[in-house]
Structures are given as structure tokens and as C-alpha cells.
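Working through the structure, step by step
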Amino acid sequence: MSEQVSNQQINDEGHLTIGGVDALALAKQYQTPLAVYDVSKIRDQIRRFKSVFEDNGVDYAVTYASKAFATIAMYQVVDQEGAHIDVVSGGELYTALQANFPAANISFHGNNKSYDELEMAIENHVGTIVLDNFHEIEQLSDVLEKHDASVQVMMRITPGISAHTHEYIQTGQEDSKFGFDLKTGLADKALQQVLANNRMNMIGIHAHIGSQIFELNGFQMAAEKLVDIAAEWRAKYDYQPQVINVGGGFGIRYTKDDNPLAPEAFVDAIVKTIKQRATDKGLTMPAVWIEPGRSIAGPAGYTLYTVGGRKDVEGLTSYLTVDGGMGDNIRPALYQAEYEAVLASDPFAKTTETVHLAGKYCESGDILIDQAHLPATKPGDVLAMLDTGAYGYSMASNYNRNGRPAVVFVENGKSQVVVKRETYADLTRLDQAYDPE
Ligand SMILES: Cc1ncc(COP(=O)(O)O)c(C=O)c1O
Ligand SMILES: N[C@@H](CCCC[NH3+])C(=O)O
């Protein structure tokens, strides 16, 4: 039995419900594999983040890191809740603009934005460019000249903090590929260039230490570091950042072994740390921006799969196979990420076996849950994998020429497709026959 399913999610028939709709009915109506989002959970998490700032009386922006799950419908919901977004590519920016997301509330991140992407951002009046390196400062400067424009910028620095998380998703350590290094003076050099450029309005500093972090300490150290830099820059350059952006990375619960603080509790502690440090340093309290991705999209998402065959290797192990896998969720194969799954027809059924929950892709590493504790199942049963809303669909691929699943939003007992299932025709849409002549 999973602690991530509440009693309120069980209907009279004993089935799992998502956003008030029976998961078996969703699987039947839209087929599987299916990505399902409980929209009220997305709204609720954004509201919780906002209320932390309001309770602390601090100027803020909750900026959803849309790489976690970027679709038109998601951008619409985020905008309805008054949150901002960050984008990291022309494709995310295009999707947000298609959703009519207010450009002023968009921050553009990335460690190798192309000239074309920067131009697209300027032409569309994106609110803030988060500068990552010297090449980008030059390119942006050229774009701004060309368009006779100016823009708000923020500088991403590498705070030299190694967060306790999988090494693939650490970003704040000294040798990270992201941002301007503090220790060797590159951040100072960049600041001087930006301040000298009258088309760039430098509003603040940014650091992001990594993702799926459980310890408060790393965030607090990063927050203190950012305030210290602000104080140093004021003394050295008579410049004080108006915004301190602490990034995202607030860990969520994927299995019963995960016990992170609530995401808003991380933020409350960070805000208080910044307040205290700013007071100690005699700085005006800056606005605080955060960039949560996983904590907004993750817990709202479920993936429904249909059980297919099974393989019992006598005396050794058992594989239970479902109709999706690494093409719709690469995280277990890539980061040894763990999840829980429940039987949609009876989520609280007593578990009676431990199996490898395997996908259908031609890779031995295509195991969705290495040790899945499940009740007895039979082909055709529907399993719901929990908390799959972040970096699942957004990292999906067409490996083995499997189409990506449909995405359904559910709220107040009503469901709606927000991304169609990819068809075979979609898979060959961009292919061209080869003519050797
Ligand atoms: C700059 C930046 N901001 C925000 C995020 C979002 O992180 P998370 O989804 O862990 O909250 C990331 C991803 O790690 C990032 O690189
Ligand atoms: N994609 C990663 C997180 C990386 C976030 C991007 N900076 C994950 O699934 O955990």
C-alpha cells in the first residue's frame, strides 16, 4: 500500500481516482500508457509557494521551471495561478507564446542559447534573460544593438556548493558547466561588462544548486552566499541586486523512503535566511525569486500502464511487463530514480510479491521499478505509477518508434486531452524517402 494515495482518492468501487475521475475509466477512454495530471495539485502547490512569500512580506516571483513539463495547457494553468515561468530553449519559449503566456513573466535560461534564440526572446519581449557565460553577453549585446532594444538580465553564478543528490543533477558545484564562477573572479568580470552595457538592465543574481534535494543546508548556504555577493558588489561597484534568485531543486517524495520537507517549508527557510543575512549586511531586502519545477509538476502526475506478460525465472527473479517504459519515463534508467506503483482497481490491496516492473523497450535497463511491491496481477490490469509528473513526459522519446503517450488533465471530476497520443503517422511525419539519384 502506498502512502502517496489518500483515502479520498478511492471511490465506492475501491478504484483509484485522479482529480475525481476513476483511473480505470481514464485508461479505458484514452488508452495506455497515459500521462494524467491532477490539475488541482498543480494549482495548490503554486498557491502554497506564493503564500510563503506573502506571509513573510517579501517581494517575489514563483517561476515555474517549465523543463519539468512544458505544454500549452501547463503554461495556461501556471499563468492562471499568477506564476512566472522559465524556459531553456526556443521550443519551450515557442510553446509558452502559443499558450499566450505573458512574455514579461518569462525568464530565459540556458548555458548555450543561440543567437537565434536570443533574437526570438528579444523580438517577443521576454522579461528576463539569465546570462550564463561571456559568449552570451556578446551575442545578446549584438542582438540588442540590431533591434535597438534593451532587456532585463540576471546573472547566473556557480556558488561552489555540492548538493546531495545524484551527480547528474548537481549544478552548483565549482566545476559545473552552468554559470559564472565566483572563485576565479569571472562573475565580477561579467558584472562589470553587464553594468557597462546600457542596453542590459542588471536586476539580480541567480544560483541553482541541483535537483531533488532533501537537505535544507545547501539551499541556506547558497542563499547566504548570494546575499554576501550582493553586499560585496555594493561595496566594490556601488551596485546592489534587486533580486536574489535561488533556483529550484526542492525534493519530493517518490517512495515511502523519501521524507523531504514540504517544498514550501524549504522556501520559508530560504526566505528567512536571506532576510537575516540581508539585515546583518545592512542591505535592503531584495525580492526573492524561486524556480521550482519538479515540486510543482511531479506530485500532480500519474502514469497509467496496462500489464502485459510476465517472466518468472525460477528461483531467481520475476519480470512483470507493461505497455510503456523508458520512452515515457527515462528517469529510472538514467538516474536510478525510484517510484511506486499501485493497482488502479485496488490501490490499497495487500502486496504479495516483489517483481521487476519492466517496460517494453529493447533494453535490459528498461526497468521502471526495480523492486515493485504489488498484489497479484493479470494481463490487462491497469497500474498507476505515482508522482511521475516531472521530467517524465518532458524527457520522453520515440525510441523503438513507439509514440509518446497522450496527456490528460483532470480537474473537478472532468478529464480533457491536452496532448494527443502520437500515432504511427506522426512518427513518420518528418521522414523523407531517400533518393540516391
Ligand atoms: C536553473 C534551473 N532552475 C530550476 C530548475 C528546476 O529544478 P527542480 O525541477 O528540481 O525544481 C532547474 C533544474 O534543475 C534549473 O537548472
Ligand atoms: N531531469 C532531471 C532533473 C534535471 C533538472 C534540470 N536542471 C530529473 O529528472 O531528475
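Parameters at a glance
- Residues numbered from 1 in each chain as written.
- Chains lettered and ligands numbered in written order.
- Predicted model: local features only at pLDDT ≥ 70, side-chain atom pairs only at ≥ 80, totals over all residues.
- Heavy atoms only, no water.
- UniProt positions renumbered as here; feature names shortened; annotations may be inferred.
- Salt bridge = Lys/Arg side-chain N within 4 Å of Asp/Glu carboxyl O.
- Helix = DSSP H or I, 4+ residues; strand = E, 2+ residues; numbered from the N terminus.
- Buried < 20%, exposed > 50% of the residue type's maximum accessible area, 1.4 Å probe, protein only.
- Core = buried A, V, L, I, M, F, W, Y, C linked by side-chain atoms within 4.5 Å.
- Contact = heavy atoms within 4.5 Å.
- Near = heavy atom within 4 Å.
- Polar contact = N/O pair within 3.5 Å; in protein donor to acceptor, adjacent residues only side chain to side chain.
- Areas by Shrake-Rupley, 256 points an atom, 1.4 Å probe, with all protein chains shown as cover.
- Nonpolar A, V, L, I, M, F, W, Y, C, P; charged D, E, K, R; others polar.
- Phe/Tyr/Trp six-rings, centres within 6.5 Å; stacked < 30°, edge-to-face > 60°.
- Lys NZ or Arg CZ within 6 Å of the ring centre and 35° of its normal.
- Expected span 1.5 Å × (residues − 1).

As annotated in an unreviewed UniProt entry, the protein is Diaminopimelate decarboxylase from Secundilactobacillus collinoides. Recorded in UniProt for the protein, the comment headed Subunit (unreviewed entry) runs: "Homodimer." The Catalytic activity (unreviewed entry) field of the UniProt record for the protein holds the comment "meso-2,6-diaminopimelate + H(+) = L-lysine + CO2".

Under the defined criterion, the tally for this structure stands at 20 salt bridges. As a salt-bridge pair, Glu264 and Arg48 come within 3.3 Å of each other at their nearest N and O atoms. Of the two residues, Glu264 sits in helix 9 (residues 263-280) while Arg48 sits in helix 2 (residues 39-56), which places them 216 residues apart along the sequence. Between Asp312 and Arg310 there is a salt bridge, with the nearest N and O atoms lying 3.0 Å from each other. Asp312 gets classed as partly exposed once you look at its relative accessible area, which sits at 47%. The class of Arg310 is partly exposed, set by a relative accessible area of 36%. Bridged by salt links that share partners, the residues Arg43, Arg47, Glu81 and Glu411 form one connected network.

Below, the discussion takes up the nonpolar core. Residues Leu140, Met155 and Ile157 are the most contacted members of the largest nonpolar core, which totals 86 residues. Broken down by element, this core gets its largest block of residues, 9 residues, from helix 8 (residues 216-237). Formed by 20 residues, the second largest nonpolar core is a distinct cluster that contains Leu26, Val36, Val342 and Val410.

Attention now moves to the UniProt feature "active site" (unreviewed entry) in the protein. Look at the UniProt record and you will see "active site" (unreviewed entry) annotated at Cys362. Residues contacting Cys362, with those up to four places away along its chain left out, are Tyr399 and Asn400.

On to the site of ligand 1. Surveying the vicinity of ligand 1 reveals 16 residues, the closest of which are His208, Ser211, Glu291, Arg294 and Tyr391. Between ligand 1 and His208 there is a distance of 2.7 Å, counted from an oxygen atom to a side-chain nitrogen or oxygen. In the model, a nitrogen atom of ligand 1 is placed 2.7 Å from a nitrogen or oxygen of the Glu291 side chain. Relative to its free-state accessible area of 390 Å², ligand 1 is covered by the protein chains to the extent of 93%. Tallied by class, residues from the shell around ligand 1 come to 3 nonpolar, 8 polar and 5 charged.

Here we come to the packing of aromatic side chains. Per the counting criterion, the structure on display carries 14 aromatic pairs. Seen in terms of ring centroids, Trp233 and Tyr239 are 6.5 Å apart; in terms of plane orientation they differ by 45°. Their pairing is tilted. Each residue in the set Tyr37, Phe69, Tyr393 and Phe409 is aromatic and connected to the rest through ring pairs, giving one cluster. For Lys189, the ring lying beneath its charged end belongs to Phe134, and the centroid distance is 4.9 Å.

Taken together, 8 residues surround ligand 2, and among them Arg294, Arg331, Tyr335, Tyr391 and Met395 come closest. With respect to ligand 2, the side chain of Arg331 contributes an N or O atom lying 2.5 Å from an oxygen atom. Tyr335 is positioned with one of its side-chain polar atoms (N or O) 2.9 Å from a nitrogen atom of ligand 2. Protein chains shield 84% of the accessible area of ligand 2, which is 310 Å² for the free molecule.

Spanning 18 residues, helix 2 covers 27 Å between terminal C-alpha atoms, matching the ideal 26 Å at 1.5 Å per step. For helix 2, the full list of buried residues reads Val39, Ile42, Arg43, Gln45, Ile46, Phe49, Lys50, Val52, Phe53 and Asn56. Directly after helix 2, the chain includes Gly57, whose backbone phi takes a positive value near 60°.

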